[in-house]
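The chain contents come next:
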Amino acid sequence: MDFETAKEYLRSHISYEETRNFKYDENYFDLARVKRFYAAFCPAYGDLKYIHVGGSKGKGSTCALVANYLRASGRNVGMFLSPYIVEITESFWFDGADISKADFVKYVEELRDFAESWEERITYFEMLLAIVLKYFVDMGAEYVVLEVGLGGRLDATNVVEPLVSALTLVEKEHTDVLGESYEEILAEKCGIRKEGVPFLVGPQKEEVREIVERICPDARFVSSLVEEILKVVLGEVDEGMLERIRSEFKLPGRFQVEDFEGRTVVFDMAHTEASMKFLIEKLEKKFKGKNFVFLISMMRDKKHKEILEIVGEFADKIVYTSSHEERGEDPHALAKIVKGEVVEDCTLAFESSLQELKKDQVLVVTGSH
């Protein structure tokens, strides 16, 4: 089995994140079934010390900052982020490095051999997390930082017993699965809260805060979620070291600034109203006097009108493209909401936008990735 074959093996199992052809309930997402599989495949997964992070925006950044601090303080730490940006090996982060392709293949082969005799259904995401946890166990991780995949209550990551659970900014997302109202969405996202485990909640809009206070009376609202998570885990935090980690922090797809032969490109996965507003604020601050070309693709379940109207008031030019065959919104439909060009092939859209970029312009690649 080579690297591409290993990835194809995992993809051959159903991915509800991709198909969306399901009802979000215990019939599809049975955590008791997942626990049985994990306990058989990797019994020691329960011995690790977990930090469990859910929410809508800022999950990846929060996880990465916590993991980087733990590593800088001398701990062995693994981190699982999903979905990955460029390559699947990004989901296997241990002590500052991704898993090698050779080791990834080895773990997929081990999983395949085990799963052949397993009679219960296992999904793509559940299999991916299984080998991630096995890898962390084998590598001797003390702490593992887990980003929730979808929702929270029924997510495969919710099989762990964490030291602390945390909730970043919550917005209306994945409404086709989690529900249209904040009540429904928060019932799922707050499902990572566990009895006797500190449940920390970062800054929220007032409506969200009121609902969380009602359904999770023991929730603790904090201003600096990363710092408070670390205080729960370690007892104290070196403020200077945390500030240094923040200043040096980089994560692919999070205001990632790159230079292409003198042309500036910003990659950012803003795909909600709040995150798009925040992106524009950062662009205005960093690139004063510049104009901006936005290259955008969006999934069907996003708030297209609200997000695109924010972009339309700021962008010098908008180019719409498609980045997902099954879940992606038709770029022509997006162009009817706020006027822009359409280049359906995302590679061609990027290449042409970059080639046509003027000296006073910055290309912003954003939306659903």
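Here the structure is a predicted model, which means the values were calculated and not measured.

**Student:** Give me a negative patch on the surface: which residues, what numbers.
**Tutor:** A surface patch of like charges, here negative, comprises E236, D238, E239 and E243. Taking the relative accessible area as the measure of exposure, D238 reaches 42% and is therefore partly exposed.

**Student:** How would you summarise the pairing of strand β5 (residues 143-147) if you had to cite specific residues and measurements?
**Tutor:** Most of β5 is tucked away, with five of its five residues classed as buried. Alternating positions in β5 separate into two faces, Y143, V145 and E147 on one and V144 and L146 on the other, with burial throughout. Here strand β1 (residues 49-54) pairs with β5 via five bridges, running parallel. Across the sheet, Y50 pairs through a bridge with V144, a residue of β5.

**Student:** Tell me about the packing of aromatic side chains, and please be specific about residues and values.
**Tutor:** Tallied over the full model, the rule gives 19 aromatic pairs. Taking 5.3 Å as the distance between ring centres and 75 degrees as the angle between the ring planes, the aromatic pair formed by F37 and W118 counts as edge-to-face. With F37 in helix α3 (residues 31-41) and W118 in the loop between α5 (101-115) and α6 (124-139), the pair connects residues that are 81 residues apart, well separated along the chain. Looking at F37, the relative accessible area reads 0%, which means it is buried. Among the aromatic residues, those joined into a ring-pair cluster are F3, F92, F104, Y107, Y135 and F136. Over the aromatic face of F221 sits the side chain of R209, whose NZ or CZ is 4.1 Å from the ring centroid.

**Student:** I'd like a description of the packing of α3 against α5, backed by residues and values.
**Tutor:** At their nearest, the axes of α3 and α5 sit 11 Å apart, and the two run at 115 degrees to each other. In terms of axis orientation, α3 runs roughly perpendicular to α5. The handedness of the crossing between α3 and α5 comes out as right-handed. Taking contact as the criterion, the partners of F37, A40 and F41 in α3 are, on α5, E110, L111 and F114. The residue makeup of the contact of α3 with α5, split by class, is five nonpolar, no polar and one charged.

What counts and how
- Residues numbered from 1 in each chain as written.
- Predicted model: local features only at pLDDT ≥ 70, side-chain atom pairs only at ≥ 80, totals over all residues.
- Heavy atoms only, no water.
- Patch = residues over 30% accessible without salt bridge, like charges linked within 9 Å, V, L, I, M, F, W, Y side chains within 5 Å.
- Areas by Shrake-Rupley, 256 points an atom, 1.4 Å probe, with all protein chains shown as cover.
- Salt bridge = Lys/Arg side-chain N within 4 Å of Asp/Glu carboxyl O.
- Lys, Arg positive; Asp, Glu negative; His and termini not counted.
- Charge placed at Lys NZ, Arg CZ, Asp CG, Glu CD.
- Buried < 20%, exposed > 50% of the residue type's maximum accessible area, 1.4 Å probe, protein only.
- Helix = DSSP H or I, 4+ residues; strand = E, 2+ residues; numbered from the N terminus.
- Pairing = 2+ DSSP bridges.
- Phe/Tyr/Trp six-rings, centres within 6.5 Å; stacked < 30°, edge-to-face > 60°.
- Lys NZ or Arg CZ within 6 Å of the ring centre and 35° of its normal.
- Axes fitted to C-alpha atoms, helices over the stretch in contact; angles between N-to-C directions.
- Parallel < 35°, antiparallel > 145°, perpendicular 65-115°, else oblique.
- Left-handed = near helix turned anticlockwise from the far one by under 90°.
- Contact = heavy atoms within 4.5 Å.
- Nonpolar A, V, L, I, M, F, W, Y, C, P; charged D, E, K, R; others polar.

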